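Residue strings, one per chain:
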Amino acid sequence: MNQFPSPPPVLSGTGLCKSFGATRALDGVDVAVHAGESLAVMGPSGSGKSTLLHCLGNIERPDSGEVLLGGERIDQLREPARSELRRTRFGFVFQFGQLLPELPAVENVALPLMLGGTDRRTAVQRARQWFAPLGLAGKEDHRPGALSGGQAQRVALARALVGGAQVVFADEPTGALDQATGQDVIRLLTQITRQQNAGLVVVTHDESVARWCDRTVRVRDGRIVRETAEPGSPAGAGTGAAR
């Protein structure tokens, strides 16, 4: 029987180690995510899950190990190149959205494009295209203070995706939302990144959030101690097995 090799991951970390003083935050972590795949990272406070996200997202440099994006090593890039990579090839969604309060929603979404040199008119036009698919039609000119928590987080999602990110990183994206709103946000987050063929890495404490993702890795004391795939996901279809 002919078998085709699986495509390489869009993002991978190999042998990642990171210490802060005497604290070993990451201790030889190997992890990968494919295009269109969602990965949840879970663990108790202080386990190293946010440090893992920061190293994969090129916010922190690992002390050792390597991070590859599309087969290209990125952890050794100089700071200007790292900053450009985070703006153009990565998208970030944080717990509290981190929208600029003085800008209307559409300009918050357009901001990464304008920072990259796109003229304001073109950037705003591209940003507007994300509002209807995310259930935000009519909210384009609202400032963040006039949006609900769920609406603001969907604006943050649009901002993460507007530049065509290859990988989106979400750090506790539902942590400041009620249960129903949080479920709506993670549903949109996983569905739209899959549609855009972007990888997704979600750090969460919430099991119900992790269940929306294709795979879950559990981190303790800086190491991955368990990995599971959702039975209906591409990673777990037909198995559902823990690895």
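Check the entry above for the structure.
Thresholds applied
Residues numbered from 1 in each chain as written. Predicted model: local features only at pLDDT ≥ 70, side-chain atom pairs only at ≥ 80, totals over all residues. Heavy atoms only, no water. Helix = DSSP H or I, 4+ residues; strand = E, 2+ residues; numbered from the N terminus. Rg over C-alpha atoms; globule rule 2.2 N^0.38 Å. Buried < 20%, exposed > 50% of the residue type's maximum accessible area, 1.4 Å probe, protein only. Contact = heavy atoms within 4.5 Å. Lys, Arg positive; Asp, Glu negative; His and termini not counted. Charge placed at Lys NZ, Arg CZ, Asp CG, Glu CD. Salt bridge = Lys/Arg side-chain N within 4 Å of Asp/Glu carboxyl O. Core = buried A, V, L, I, M, F, W, Y, C linked by side-chain atoms within 4.5 Å. Axes fitted to C-alpha atoms, helices over the stretch in contact; angles between N-to-C directions. Parallel < 35°, antiparallel > 145°, perpendicular 65-115°, else oblique. Left-handed = near helix turned anticlockwise from the far one by under 90°. Nonpolar A, V, L, I, M, F, W, Y, C, P; charged D, E, K, R; others polar. Pairing = 2+ DSSP bridges.

*Asks:* An account of the overall build of the protein chain is requested, with residue identities and associated values reported.
*Replies:* Each helix and strand counted, the protein chain has seven helices and 10 strands in total. Relative to the 2.2 N^0.38 estimate, which gives 18 Å for 243 residues, the radius of gyration of the protein chain is 18 Å and therefore close to what a compact globule would have. In terms of its C-alpha atoms, the protein chain occupies a principal-axis envelope of roughly 50 × 45 × 40 Å. When the 243 residues of the protein chain are sorted by exposure, 47% land in the buried category. The long-range share in the protein chain, meaning contacts at least 24 apart out of those at least 6 apart in sequence, stands at 63%. Measuring between centres, the 27 positive side-chain charges of the protein chain sit 2 Å from its 25 negative side-chain charges.

*Asks:* For the environment of valine 185, give the residues involved together with the corresponding values.
*Replies:* If you trace the backbone, valine 185 turns up in helix H6 (residues 179–195). Residue classification places valine 185 among the buried residues on the basis of a relative accessible area of 5%. Non-local contacts of valine 185, meaning those with residues more than four positions away in its chain, are made with Gly150, Gln153, Pro173 and Leu177.

*Asks:* I'd like a rundown of the pattern of salt bridges, residues and numbers included.
*Replies:* Under the definition given, this model contains 16 salt bridges. When the shortest N-O distance is used, the salt bridge between glutamate 79 and arginine 82 registers 3.3 Å. On the criterion of helical spacing, the pair formed by glutamate 79 and arginine 82 is a turn pair, its members being three residues apart in helix H2 (residues 79–88). For glutamate 79, a relative accessible area of 41% translates into the label partly exposed. Ionic pairing is found between arginine 218 and glutamate 207, a salt bridge with its closest N-O pair at 3.1 Å. Taken together, the residues span a long stretch of sequence, with arginine 218 in strand S9 (residues 215–220) and glutamate 207 in helix H7 (residues 207–210) at a distance of 11 residues. Residue glutamate 207 is classed as partly exposed on the basis of its relative accessible area of 37%. Through salt bridges with shared partners, a single ionic network connects Lys18, Glu60 and Asp63.

*Asks:* So what's going on with the nonpolar core? Which residues, and what values?
*Replies:* Among the nonpolar cores identified, the biggest contains 37 residues, and Leu134, Val155, Val168, Leu189 and Val202 are the most heavily contacted of them. Here the element with the most residues in this core is helix H5 (residues 149–161); it accounts for seven residues. Residues within four places of valine 155 in sequence aside, it is in contact with Leu99, Ala105, Asn108, Val109, Phe131, Leu136 and Leu147. Membership of the second largest hydrophobic core comes to 25 residues, among which are Leu11, Leu26, Phe90 and Val217.

*Asks:* Go over the packing of helix H3 (residues 105–115) against helix H4 (residues 120–128), please, and point to the residues and values.
*Replies:* Where H3 meets H4, the axes come as close as 8 Å, and the angle between the chain directions of the two elements is 125°. Judged by the inter-axis angle, H3 sits oblique to H4. Considering how the two elements wind past one another, H3 and H4 form a crossing that is right-handed. Contact with H3, carried on its side by Val106, Glu107, Val109, Ala110, Leu113 and Met114, involves Arg120, Ala123, Val124, Arg126, Ala127 and Arg128 of H4 and no other residues of that element. Residues belonging to the contact of H3 with H4 are distributed by class as follows: eight nonpolar, no polar and four charged.

*Asks:* So what's going on with the pairing of strand S2 (residues 23–33)? Which residues, and what values?
*Replies:* Where strand S1 (residues 11–20) meets S2, eight bridges bridge the pair, whose relative direction is antiparallel. Following the sheet pairing, lysine 18 is matched in S2 by leucine 26. Here S1 folds back onto S2 in antiparallel fashion, the turn holding two residues, of which glycine 21 has a positive phi close to 65°.

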